[in-house]
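Residue-level listing of the chains:
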Amino acid sequence: MKKYDVIVIGAGSAGLGNSGVANVLGLKTLLIEKDGDNFGGDCTNFGCVPSKALIHIANQFHQAKSAERFGLKTSGKADMGRILDHIHQMQTFIKDTEDAAALRKKGIDVVIGEAVFDSRDTLKVNGETHTARIILLCTGSSPRMLDIEGMDSVDVYTNETIFFDCRKLPENLVVIGGGPIGCELGQAFSRLGSKVTIVNRGDRLLNKEPEKVSEILETRFKEEGIQISSHAEVQFFKDGKAGIASKEKDILEIPCDAVLISAGRTVNTKGMDFDAAGIELTEKGKIKVDEYLQSTNKKVYVIGDAAGSYMFSHGAEKMVRQLWRNLLVPIFKKKNTWNDLSWVTFTDPQVAHFGLTEDRLQERGVEFQRHDQSFLHDDRAIVEEYTYGQMSLWLDNSNSTGSKKILSGSMIAPHAGELVQELELAKHANIPISELNDRVYPYPVAARINQKTIRGILEKTRKLWKLKLARMVFRWFH
Ligand SMILES: Cc1cc2nc3c(=O)[nH]c(=O)nc-3n(C[C@H](O)[C@H](O)[C@H](O)COP(=O)(O)OP(=O)(O)OC[C@H]3O[C@@H](n4cnc5c(N)ncnc54)[C@H](O)[C@@H]3O)c2cc1C
Ligand SMILES: NC(=O)c1ccc[n+]([C@@H]2O[C@H](COP(=O)([O-])OP(=O)(O)OC[C@H]3O[C@@H](n4cnc5c(N)ncnc54)[C@H](O)[C@@H]3O)[C@@H](O)[C@H]2O)c1
């Protein structure tokens, strides 16, 4: 039996992060990954990287078509074969630094094979047994599959297959699910030329965002020709059609030659013999994880998508930091909180959020003031045609106006993900909002909307006596 300080199972965002930290600390580390061709896990191979590359290409198509109103002529169809080859090339650049050979070079022991628990602290892989002081379960998640009548009559894709098998642009693509995957990929395929219908069981797209954001996104999508069926599910596929059942209407049949299933995720738990390790699951089939990321077996920690909460690459990164902070300073352990989490959905317009959502602030009894800012009179938004943009900030309710701190923020606008970064820094560093007001922003950077929002907040509460005093001072000296 081989003995290690740390065994990491899974070489996705969480596993690569954990094995990297353990290795830098000089700990004897084993990384086990079952898929030798796809180090980097979902993010590099089936998620963030290929989706963002596809979105980048689709946006170029959209921009070119938008310029037709100024005389440009475009023709031709998206060549999915060439698009996918290009995406794979981008992935290869990224994968070069994170494959088994590169990791072994850094001093990490890497085994390609499926890890199965043998006891509370031993694992078997390829017939060999390994043990460690701690085991880090970084085994990720998979698309939640649906079983719909007649599904074998259409091309069925998930995020695990669409970037490889979809070498011909679907004419009529049905996207099941109105979450981040459905919205990002649905819009990308629509911009490439597919007729896209998003069928969403929920009442609105991106239901974790404020309602106004979903409303703006839906309007933009519809303007681009994307159909949206809310409160709806696909009941069957038959004769090149999808039958959609919704609350409002009888079964609606629409043309469909391909379907993308993006209806949520399932935590990977199968085939690992958790019983042998004493790792318990919840009723919903997730791994039981406490606020210190420990499973019911105290030697086994769960990081990344496998922990079953927010599923983001940077969410995994955040958990890695918290885990190692607690492992190295075990007397004052920190609980896993999501106060600092942010996310961006890379639709056009982008949807960005940072800090706790309004619901969560309320649940925790945090008193706040909310400020909404429209982009209607923002010069940059006017010239670049995104006056539909919207920003909301949640501020603490205790400090006086200029000293208020940002608790959370939400924005929908092109590049919203980049624009909110300075606000997020202000939140993170506890910087009072007056500091943002004091800055001089080059005209007309898009980030001036941040200052405009802060200025609006300050102006709302400007005291009349201060203006009166200023007037008196002016008249006294001049
Ligand atoms: C289409 C799509 C787009 C996304 N876009 C973004 C984005 O823009 N930004 C963002 O932050 N997040 C995005 N995400 C989410 C992000 O990809 C995931 O949150 C992240 O990849 C999770 O990393 P992980 O390490 O927890 O799991 P994974 O990346 O799934 O890694 C788990 C690894 O464990 C291995 N494994 C599983 N079981 C075993 C076993 N028994 N033995 C050995 N190995 C095993 C798997 O083969 C896999 O390599 C996206 C996801 C999808 C699907
Ligand atoms: N930019 C990003 O950061 C990014 C991008 C893509 C994915 N992700 C991550 O991946 C996770 C998974 O994304 P997702 O979009 O698959 O899941 P999701 O859980 O966020 O959304 C699933 C959607 O599918 C709908 N749905 C469920 N079952 C359905 C059914 N039978 N018929 C019709 N609709 C149904 C739900 O109402 C929901 O709107 C996200 O939560 C996110 O954490 C992040």
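Parameters at a glance
- Residues numbered from 1 in each chain as written.
- Chains lettered and ligands numbered in written order.
- Predicted model: local features only at pLDDT ≥ 70, side-chain atom pairs only at ≥ 80, totals over all residues.
- Heavy atoms only, no water.
- UniProt positions renumbered as here; feature names shortened; annotations may be inferred.
- Helix = DSSP H or I, 4+ residues; strand = E, 2+ residues; numbered from the N terminus.
- Near = heavy atom within 4 Å.
- Polar contact = N/O pair within 3.5 Å; in protein donor to acceptor, adjacent residues only side chain to side chain.
- Areas by Shrake-Rupley, 256 points an atom, 1.4 Å probe, with all protein chains shown as cover.
- Nonpolar A, V, L, I, M, F, W, Y, C, P; charged D, E, K, R; others polar.
- Domains from an automatic or database assignment.
- Patch = residues over 30% accessible without salt bridge, like charges linked within 9 Å, V, L, I, M, F, W, Y side chains within 5 Å.
- Salt bridge = Lys/Arg side-chain N within 4 Å of Asp/Glu carboxyl O.
- Buried < 20%, exposed > 50% of the residue type's maximum accessible area, 1.4 Å probe, protein only.

You can read under Sequence similarities (unreviewed entry) in the UniProt record for the protein the words "Belongs to the class-I pyridine nucleotide-disulfide oxidoreductase family."

A few words now on the UniProt feature "domain: Pyridine nucleotide-disulphide oxidoreductase dimerisation" (unreviewed entry) in the protein. With numbering aligned to this structure, UniProt lists the feature "domain: Pyridine nucleotide-disulphide oxidoreductase dimerisation" (unreviewed entry) at residues 342–447. Along residues 342–447 the backbone is 27% helical and 29% strand, and the end-to-end C-alpha distance reaches 18 Å.

Close to ligand 2 lie 26 residues; R144, E184, R201, M311 and V344 are nearest. Contact distances for ligand 2 include 3.1 Å between an oxygen atom and a backbone N or O atom of G264. For ligand 2, whose free accessible area comes to 850 Å², the fraction covered by protein is 83%. Sorting the residues of the shell around ligand 2 by element identifies helix 7 (180–192), strand 12 (232–238) and strand 18 (342–345) as the ones contributing at least two each. Top contributing element to the shell around ligand 2 by residue count: helix 7, with three residues. Of the residues in the shell around ligand 2, the class split is 11 nonpolar, eight polar and seven charged. Split by domain, the residues of the shell around ligand 2 number at least three in each of domain 1 (2–143 + 266–328) and domain 2 (151–264).

A grouping of L25, L328, V329, I331 and F332 is seen on the molecular surface, where their side chains present a nonpolar patch of about 530 Å² in accessible area. Note on placement: L328 falls in helix 10 (residues 313–328). Given a relative accessible area of 53%, L328 falls into the exposed group.

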